[in-house]
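# Structure at a glance
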Amino acid sequence: MEAYVEGDVEAFERLFRSLGPSIHAFFVRSMGRGTVAEDLLQTTFLKIHAARGRWRRGEAVRPWAFTIAARVRVDWLRRHGRAEAELDEEVASARDPREDPADAAATQERSARVREALDALPEPQRVLVHLHRFEGMSFAQIGGVLGISEGAARVRAFRAYAALRKLLAYLVEEER
């Protein structure tokens, strides 16, 4: 990041290769596949480029970049709403014809149930679960990304995971 701030064009390419897949996965998990995730990824890196001068030396780049990504996501949801993201996800989740239809249907049903449970969480909890579970961020990093304390991030995570366990308890019972 320091090299990029100083004008090294190749440093941006390394930054994109390093962070791009994780940020894209964050958008795919929270918004659905397809053009929305791609657009949000590009918007995030445009904002990273514009804000590069405000990055503080020594600050961890990953949480800083995810802070920008989280804000890009919230801005998009405010402008377009959840319905468009869900439509994009439905189009992208079409089944691969080479898969066993029974296995594909079961996997798709389970994924839909988990996604419904995640979607049932309040927005702050849902984003926290994505950053913690799928991006592997610490609670201190998540607190920085979301503008809350580490303790508040831990409490929010505890409540989110408790709600998910409750919402998904029937899946465990079905498997038994």
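Since this is a predicted model, take the numbers as computed values, not measurements.

## Focus on the environment of F16
Structurally, the position occupied by F16 is in helix α2 (residues 9-31). A sequence separation of 29 residues divides F16 from F45, and the C-alpha atoms of the two residues are 7.8 Å apart. Setting aside residues up to four positions removed in sequence, F16 forms contacts with P21, L41 and F45.

## A short note on the packing of aromatic side chains
The tally for this structure, following the rule as stated, stands at six aromatic pairs. An angle of 50 degrees between the planes, with centres 5.4 Å apart, marks the rings of F26 and F27 as tilted. Taking the relative accessible area as the measure of exposure, F26 reaches 1% and is therefore buried. A relative accessible area of 0% places F27 in the buried class. In textbook terms, an aromatic cluster arises when at least three aromatic residues are bridged by ring pairs, as seen for Y4, F12, F16 and F45. Cation over ring: R52 sits above Y4, and NZ or CZ is 5.7 Å from the ring centre.

## What to know about helix α3 (residues 35-51)
When the terminal C-alpha atoms of α3 are compared, their 24 Å separation across 17 residues agrees well with the 24 Å that a helix rising 1.5 Å per residue should span. The set of residues buried in α3 consists of V36, A37, L40, L41, T44, F45, I48 and A51. Mapping the buried residues of α3 onto a view down its axis gives an arc of 165 degrees, with all of them on the same face. What points out from α3, more than 90 degrees from its buried face, is the exposed set T35, Q42, L46 and A50.

## Quick notes on the pattern of salt bridges
In total, this model carries seven salt bridges according to the counting rule given. Residue E59 is joined to R56 by a salt bridge in which the shortest nitrogen-to-oxygen separation is 3.8 Å. Relative accessible area serves as the criterion here: at 24%, E59 is assigned to the partly exposed category. One connected set of salt bridges, linked through shared partners, spans E2, E6 and R57.

## Some thoughts on the nonpolar core
Core analysis: the largest hydrophobic core is formed by 37 residues, its most contacted members being I23, F27 and L131. Of the residues forming this core, the biggest block, ten residues, is contributed by helix α4 (residues 61-80). With eight residues, the next largest nonpolar core counts L118, L121, A160 and L168 among its residues.

## What about the side chain of T44?
Within the secondary structure, T44 is located in helix α3. Beyond its immediate chain neighbours, meaning those up to four positions away, T44 contacts I23, F27, A65, I68, A69 and V72.

## Details of the side chain of H130
Mapped onto the secondary structure, H130 falls in helix α7 (residues 123-134). Judged by its relative accessible area of 2%, H130 is buried. Beyond its immediate sequence surroundings of up to four residues, H130 is in contact with F26, R29, S30, L118 and E135.

Basis of the calculations
- Residues numbered from 1 in each chain as written.
- Predicted model: local features only at pLDDT ≥ 70, side-chain atom pairs only at ≥ 80, totals over all residues.
- Heavy atoms only, no water.
- Helix = DSSP H or I, 4+ residues; strand = E, 2+ residues; numbered from the N terminus.
- Contact = heavy atoms within 4.5 Å.
- Phe/Tyr/Trp six-rings, centres within 6.5 Å; stacked < 30°, edge-to-face > 60°.
- Buried < 20%, exposed > 50% of the residue type's maximum accessible area, 1.4 Å probe, protein only.
- Lys NZ or Arg CZ within 6 Å of the ring centre and 35° of its normal.
- Expected span 1.5 Å × (residues − 1).
- Arc of directions from axis to C-beta.
- Salt bridge = Lys/Arg side-chain N within 4 Å of Asp/Glu carboxyl O.
- Core = buried A, V, L, I, M, F, W, Y, C linked by side-chain atoms within 4.5 Å.

None of the figures reported here should be taken as evidence of function without further support.
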